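# Inside the fold
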Amino acid sequence: MITMFRVHAVVTTIQQNAAIRMVPCIRIPRNVACCHRAVGGIRWRSSYRLAPILTASPVRALIDEKISIKGSFLPPHCAVTLCARMHCEDGDLWESFAHFNTKADGTVHLTRDDSVGGSYLGCDPMGLFWGLQPAPGKREGLRLRKKSVETPYVVRMSLLEGHVSPSEDQSTELAALTTERWYMAPGVKRIEIRQNGVVGTLFLPPGPGPFPAMLDLWGMGGGLVEYRSALFASRGYASLCLAYIGHQDLPGPQHQVNVGDSYFKTAFQLLQDHHQVCANRVGIIGLSFGVYLTLRLATLTCVQPSCLICINGPVGNSFKLQADSGSRIGNLAGSQPYWTYDDQGNVSFKIVSLPENMNPECKVKVEDVACPLMYIEGMDDLNSSSKENADLIEETLNTVGKSHLFTRLSYPGAGHLIEPPYAPNARVSLWRVKPNKLFVQWGGHHAPHAAAQEDSWKKILDFMESHLR
Amino acid sequence: MSQTIPTSLSVVPTRALVDEAFKVVVQNLPPASPVTLHALLYSEDKDYWEAYGHYVSDHRGTVSVAEDMSLGGTYTGKEAMGLLWSMRPEPGSRTGLRLRKREVTSPMLVHINVYSGHITEGFRKQSPLASVLTERWFMAPGVQRIEIKEKGVRGTFFIPPGPGPFPGLLDMWGGGGGLLEYRSALLASRGYASLALEYFSPGELRSEDLQIQYFETAFNIIKDHPQVIPDSVGIFGLSLGTVLAIYLAAVSTKITPRCCVCISGHHLYPAGTALKENPKTEKKRLVAVRYDENNYQISRDVRLPIPTDLSEKVDVRKIKCHMLLVNGDDDQNVPAVEAAEDIAQMMRSGGNLHLLTTLTYPNTGHLIEPPYSPHFRATNFIIPTTKEKVINLWGGQTKPHADAQEDSWRKIFAYLHHHLYSSTTPKAKIPYHKANMSIPPILSVVPTRALVDETFKVVVQNLPPASPVTLHALLYSEDKDYWEAYGHYVSDHRGTVSVAEDMSLGGTYTGKEAMGLLWSMRPEPGSRTGLRLRKREVTSPMLVHISVYSGHITEGFRKQSPLASVLTERWYMAPGVQRIEIKEKGVRGTFFIPPGPGPFPGLLDMWGGGGGLLEYRSALLASHGYASLALEYFSPGELESSDLQMQYFETAFNIIKDHPQVIPDKVGILGLSLGTILAFYLAAESTNIKASIRYNMWALVHLNLLTCHR
């Protein structure tokens, strides 16, 4: 294991100002914007006009695949808006748009041309996907997450005349197309696991296997979040996403963690013992509180993962896991003294996870980590003290001579919720409604956050490729 | 618990339209291990269809279907999509099957599997190393499917996503009858509002079915649809559908199609208000239908010879819209190629020939379907007029037929784009082969200076769209003979021809052949006979003129002036290679040493019984890093047994071995023909040489034994 690499990558991304959602400030009157056309005698509304067409390739894609969108047969040097609209499973409308000027040959290529206004600026083929935001006037604090991974996101792309904002104007639609974005590839098997107390969903790639595998842990938001595991299976890894809080099939009250080390260990072994899994090629991925669980599980005896991926989470905790201590409440309430609020009253848990604020008994012995570990840090994380925790892991591993196991990726402008690529970022979202409505800050600016998601996903797959295959 | 690294199989994209290619890659195999890639599909008719190819993994344990050769199976060679187009029913299935998707709102599900070893049967009983499921769709998301039962017209209308208006197409299949939606669904996925028309129930054709009003009504339903551009509606036909397209274009006064795409059809029906079979043809059917050795029905002769009497043909001279004829020259069902020639002749006399474009594909049959569809050489068929059940021979050879399906589909779209998506500005009304001629075509050959074993890319740009051109290669040999090769191409909608990506439709080579302009070279007609092209002067390149000519021409190239021309140099000797003439210890030869300090592996290079000194192979070997001695061991035509003394070869071998830039224990022998016999003899008999030849060099010797036996 001499050749193990150590990276401290700082990803330079698009300027911060590109991250702020652009609202179109220039409204060119239609007759001026279209003056170029008069010469060629080409008019929009004529039976002899060109028929504009919008094409995409591929139209059905996995969520992490780029698609190439082109508009053709448009008048040259003309202002157009490309607008993406999608209804999420809760029925809310999400939309994004970008302003373009057609080239001399009457085309717009999203892989080639700059957006000059709208949800993103510059050339970014996937800007309309990560730029999706709840339509103005809709519910506040939404976060886009796929619940049923067996259906795709259906995004309708619409090409509009002029530089317009889709919500404000009734603009002429020139062309449209529909794209499907899937987390789950054909042939991936989705298996609900309710076995030995374990509550989770196992995704298996098509084919006989055995496959390398991942145990997939999300944060204290709770429930059973399947989409990342479905995507891992689409990329050839068996993946078990595990519920540990906020699920009706778990024991005890749903608002607290009622399971302990033995639960996670059982889940890990269940995955390892599956006949289609390579027992010696199982990794763990965690985000937020899932990082703590990942590190904790990796340092238990009898659990020997092949690699760990930690995204924006702590090495310790302010409370003991209920099932093992039986004493304190296994939820965030105990950390309330460390909660902070911004001007709008949105809560941040960043201070909670500072290493000095953790219960010393609940800190993972990072020095016991025995496999490669990749830590992904959003430098604008407003939800956890990712930098301080990453520093702590790095120092600890250096001290015990295990620096070769550590890889660190730091992304400027990226927030807490670093997800698979092209998912829109929620800087703030609704956290709870009882006893009072509370919104939580996640941080992250749109464009650099999107760049971080795209880059980190590639590096996650490469890391898994090196250590699990 | 498994300790082995699992094999991984990836197919990208896993969800695709049927005309999109996929990439299949297998990783984590042991190096150099034999595997079989297998595609399996369970059809709506409940039959298993399969295709497979035999591969050997490379040193990294990888197989890439797009880059590696299939060594056996339902297809061979480097075929990215062979796993689809070479599909056929699993052995033991019912006979005469044809694969057609009826339910277009769901995809075809194709299982791609990789198996250990080179296997040929019983796939479903064995466990694969890895497998992936792929979806192949005819219908893109957002396409609307509307069942039409309006004004007596039966069909299904597919409309692309978006507000439109779109160009429209009337889509008609052939004499099998019924309603087939898949091509229209695919056309709508590509931006055309397309009506799949049923014009008679399967196997129940009555002559009153083919009333012109029915088709005119269907055409007008498309034209009048609010999402269709009324003056941009074309007709798309295959077989009897093509007959109807030609008939409507020539006869109807009520509709004006903008263009017609006519696959595998003809014009051999007398004109009238309904398409009625000529009584003569009916009689002739009884005598002219043939059966092949498998008892498959061949009906092309029913309509041959092409009648000269105009009353027996649709008068194509009246056609006023652009026509694209797409035919296979092995069509056993109708005489499509002969009919196309007659159509061209009639249109020439009618002065409307400029409206005609013809694509004729070699070794291609009747059923030219969308790309990657399996090839059906013969399938069950019910003769619509007699309800007789037969197996119809359609013709075509699988590989060229598949190539034709892929190439024609792209050309058809280029054509439809040009005619249905373009504006009707006055300029566009000029026949397009005359338009744009002011912009000179650009011919590019990259690289222009290359070693002879390197490939080049030949691309022609700025041609008029859909125009026929001939690419021609000419070389003047050291023996003062002209050598040439040429291929016939048709430019796409951008006016581009790419030799590596487009099909040659005729010439000294056919099909998609990037290097056909070199390997198909032969002496110009009228040259001396029995010539062989060999380079003697290796310090200069072979000069090959690549030219592009207008039209499909076959001779007299040097007398015509090309549209554009590029000179390319083909070298045996890389820059920096040293050429040393050897006259040492009685040995005659030329020693080529790669550039750089070395030391290099050495080779003794011997040609066959022609004799003399041939340097080019050694020059090329030195260009690739081998110090190579081209050995002359007898003068041309003067072989005496005294020439073949073992000592002579040993001395030559030692000259190489003892050269300061050669690795002494890495010297091999390369022979062809008599040279191979000598190589074996020396390797076996000479104690001096035997000790020096490394085991792995045997491979080279052996390889050339095969060459000599070929």
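Here, the structure is the one placed above.
Structure report, in brief. (Residues numbered from 1 in each chain as written. Chains lettered and ligands numbered in written order. Predicted model: local features only at pLDDT ≥ 70, side-chain atom pairs only at ≥ 80, totals over all residues. Heavy atoms only, no water.)

## A short note on the state of the cysteines
Residue and element names in this part refer to chain A. Taken as a whole and assessed by the stated rule, the structure comprises zero disulfides over all chains. Between Cys88, a cysteine without a disulfide, and Cys83, which holds the nearest cysteine sulfur, the sulfur-to-sulfur distance is 16 Å. You can call Cys88 buried: its relative accessible area is 14%. Of all cysteine sulfurs, the one in Cys307 lies closest to Cys241, which takes part in no disulfide; the gap is 17 Å. (Disulfide = S-S within 2.5 Å. Buried < 20%, exposed > 50% of the residue type's maximum accessible area, 1.4 Å probe, protein only.)

## Here's the deal with the packing of helix H4 (residues 227-234) of chain A against helix H9 (residues 446-468) of chain A
All names here are of chain A. At a minimum axis distance of 12 Å, the contact between H4 and H9 shows a crossing angle of 55°. On the basis of the axis angle, H4 is oblique to H9. In this structure, the crossing between H4 and H9 has a hand that is right-handed. Residues Arg228, Leu231 and Phe232 of H4 form the contact with H9, whose own contacting residues are Trp457, Ile460, Leu461 and Met464. Residue composition of the contact of H4 with H9, grouped by class: six nonpolar, no polar and one charged. (Axes fitted to C-alpha atoms, helices over the stretch in contact; angles between N-to-C directions. Helix = DSSP H or I, 4+ residues; strand = E, 2+ residues; numbered from the N terminus. Parallel < 35°, antiparallel > 145°, perpendicular 65-115°, else oblique. Left-handed = near helix turned anticlockwise from the far one by under 90°. Contact = heavy atoms within 4.5 Å. Nonpolar A, V, L, I, M, F, W, Y, C, P; charged D, E, K, R; others polar.)

## Digging into the environment of Leu533(B)
As for its placement among the helices and strands, Leu533(B) is situated in the loop between strand S28 (522-523) and strand S29 (542-550). The spatial distance from the C-alpha of Leu533(B) to the C-alpha of Val544(B) is 13 Å, given a sequence separation of 11 residues.

## Details of the interface of chain B and chain A
Between chain B and chain A, the residue contacts involve 41 residues of the former and 39 residues of the latter. Taking both partners together, chain B and chain A bury about 3,200 Å²; carbon and sulfur atoms supply 60% of that area. The interface formed by chain B and chain A holds three residue pairs in polar contact (both at pLDDT 80 or more) in total. At the level of secondary structure, the elements contributing two or more residues to the side of chain B that touches chain A comprise strand S1 (8-12), strand S2 (15-17), strand S9 (130-137) and strand S14 (228-238) of chain B. It is S9(B) that provides the largest number of residues to the side of chain B that touches chain A, a total of seven residues. (Buried area = accessible area lost by both parts, 1.4 Å probe. Polar contact = N/O pair within 3.5 Å; in protein donor to acceptor, adjacent residues only side chain to side chain.)

## Remarks on H9(A)
Its 23 residues give H9(A) an end-to-end C-alpha distance of 32 Å, which sits within 8% of 33 Å, the value for a rise of 1.5 Å per residue. Taken across its 23 residues, H9(A) has 17 buried, putting it largely inside the fold. (Expected span 1.5 Å × (residues − 1).)

## Concerning the sheet that holds strand S5 (residues 48-56) of chain B
Residue and element names in this part refer to chain B. A sheet is described by the order of its strands in space; here six strands give the open sequence S2-S9-S8-S4-S5-S7, paired in mixed fashion. A single partner strand is all that each edge strand has here, and the edge strands are S2 and strand S7 (88-89). Two elements, S5 and S7, share two bridges in a ladder whose sense is antiparallel. When the sheet's bridge partners are listed, Glu50 is paired in S7 with Arg88. (Pairing = 2+ DSSP bridges.)

## Here we look at the pairing of strand S15 (residues 238-242) of chain A
All names here are of chain A. For S15, a buried count of five out of five residues is recorded, marking the element as mostly surrounded by other parts of the structure. The alternating pattern of S15 places Ala238, Leu240 and Leu242 on one face and Ser239 and Cys241 on the opposite face, and all of these are buried. Inspection of the sheet shows strand S13 (residues 198-204) paired to S15 by four bridges, in the antiparallel sense. Among the inter-strand pairings, Thr201 is bridged to a residue of S15, identified as Cys241. Summarising the sheet, strand S14 (residues 211-217) and S15 pair through four bridges and their orientation is parallel.

## Description of the side chain of Ser64(B)
All names here are of chain B. Along the chain, Ser64 turns up in strand S6 (residues 63-64). Given the relative accessible area of 10%, Ser64 is considered buried. The contacts of Ser64, once residues within four sequence positions are left out, are Val24 and Val25.

## Things to note about the sheet that holds strand S32 (residues 587-593) of chain B
All names here are of chain B. The sheet built from five strands is open, its strands ordered S31-S32-S34-S33-S35 with mixed pairing. In the strand order of this sheet, the two ends are held by strand S31 (578-584) and strand S35 (662-671), each with one partner. Looking at each pair of strands side by side, their axes are set apart by 25° on average, direction ignored. Where S32 meets strand S34 (residues 627-632), five bridges bridge the pair, whose relative direction is antiparallel. Looking across to S34, one finds that Phe591 is bridged to Leu629. Helix H11 (residues 646-657) contacts S31, S32, strand S33 (600-606), S34 and S35 of the sheet and is inclined by roughly 135° relative to S35.

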